[in-house]
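The residues making up each chain are set out below.
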Amino acid sequence: MRTTDFAELHDQLRAVAADVLARGRVVDWSGLAGAGWAGLEVADGLGGAGATFAETALICEELGRAAAATHYLGSAVLAVGVLNTLQDSAVRNDLLSGIAAGWVRVAAVLDPGFTVSADRRLAGHAAFVPDADGADRLLVLATDHTGAEVAVATDGLIVTPQPVLDETRAVATVAADGIEVPEPLRFAEDRGAHRVRDRAALAVACDSLGLAEAMLAATVSYAQTREQFGRPIGSFQAVKHACADMQVKASVARALVREAVAALVHDDAEADADADAAVAMAKSYTCGAAVEVAGKAMQLHGGIGYTWESGIHVYLKRAVFNRSLFGSPAAHRQRLAQRY
């Protein structure tokens, strides 16, 4: 994801991820912490690995490739991303240490619809918040009375699970009606909240990339073994062209995701400005392409592709939900249109 210097590390990380996910698609919070994934981006002084988003993005890919049901997105990727962007404080460091150790599960609410008053009263509502149900603490991004974006760490909000078609993700509505909260936490830089939202969109794009590549591999394997009229269906021109189209979409998506991750990892001002466009390109294209690849995989598997036993429906429903999570392709293309 960054340079070839990290290729060996990333290969090892992929191998560990494949081993963990091969034991089952459902990985609980303690399992994520035990594998070291929860604390990947937590500083080593706080019990983490001191890695970057490049390594986190790789785990997101592998989770998408396995269509795994975990609390990783909301409780590790988003929460840790918010905490790392905040100014240094005892509350921040305690939460990061707890996440890395697996003692506490924190979810992040990134919806801009929350406000916190001068007397520390939080109000607002957000829908489709990943992994909020059952979290020990919630990090809520809100606008304070001065107009600045802050983060509030609290546990007194109303959390209501939301049923969605994608059974591999757990989302909920989060609401606050003027509840009293602790002192808000400040971002270390002006664009801190914006970078966190970019991380969220890119993490979902990485997940979609992994599931698209998984569907491509499964379809090619099936086309090589399934016979019709005495020969593998992969020898038919129509099937070859369809698989080639899937390959092109996956390859373009990987290139866009790679560039977006590199832009987001760099912390200089120029790269930060470029990251907005790179993330919008990766999210809009990859999440749309993943839906098309999963749909084509279901079609090329024939009748068995539409059965519950094939498992393709799991990937298709996850791809569809990813497409709308943290900005639809149309919304991100609108960002690009405004930029250029």
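To keep things clear, this report deals only with the structure shown in the data block. (Residues numbered from 1 in each chain as written. Predicted model: local features only at pLDDT ≥ 70, side-chain atom pairs only at ≥ 80, totals over all residues. Heavy atoms only, no water.)

Comments concerning the pattern of salt bridges
Next up, step 1: In total, this model carries 22 salt bridges according to the counting rule given.
Next up, step 2: Between Arg14 and Glu61 there is a salt bridge, with the nearest N and O atoms lying 3.4 Å from each other. One end of the pair, Arg14, is in helix H1 (residues 7–22); the other, Glu61, is in helix H3 (residues 53–66), with 47 residues separating them in the sequence.
Next up, step 3: Look at Arg14 and you get partly exposed, because its relative accessible area is 24%.
Next up, step 4: In this structure, Glu213 engages Arg65 in a salt bridge whose closest nitrogen and oxygen atoms are separated by 3.1 Å. (Salt bridge = Lys/Arg side-chain N within 4 Å of Asp/Glu carboxyl O. Helix = DSSP H or I, 4+ residues; strand = E, 2+ residues; numbered from the N terminus. Buried < 20%, exposed > 50% of the residue type's maximum accessible area, 1.4 Å probe, protein only.)

Here's the deal with the nonpolar core
Next up, step 1: Trp37, Ile59, Tyr72, Val82, Ile99 and Leu202 are the most contacted members of the largest nonpolar core, which totals 69 residues.
Next up, step 2: If we ignore the near neighbours within four places in the chain, the residues touching Trp37 are Val16, Ala17, Val20, Leu21, Leu32, Ile59, Leu63 and Tyr72.
Next up, step 3: Ala212, Val291, Val314 and Tyr315 belong to the second-largest nonpolar core, a separate cluster that totals 26 residues. (Core = buried A, V, L, I, M, F, W, Y, C linked by side-chain atoms within 4.5 Å. Contact = heavy atoms within 4.5 Å.)

Considering the side chain of Asn322
Next up, step 1: Relative to the helices and strands, Asn322 is located in helix H9 (residues 312–324).
Next up, step 2: Assessed through its relative accessible area of 0%, Asn322 is described here as buried.
Next up, step 3: Non-local contacts of Asn322, meaning those with residues more than four positions away in its chain, are made with Arg169, Val204, Asp207, Ser208, Leu211, Lys283 and Cys287.

Re the side chain of Gln162
Next up, step 1: Examined against the element boundaries, Gln162 turns out to sit in strand E6 (residues 158–162).
Next up, step 2: Within the structure, the side chain of Gln162 is placed 2.6 Å from the backbone nitrogen of Phe128, a separation counted as a polar contact.
Next up, step 3: If near-sequence neighbours (up to four positions away) are discounted, Gln162 is found in contact with Ala127, Phe128, Val171, Ala172 and Thr173. (Polar contact = N/O pair within 3.5 Å; in protein donor to acceptor, adjacent residues only side chain to side chain.)

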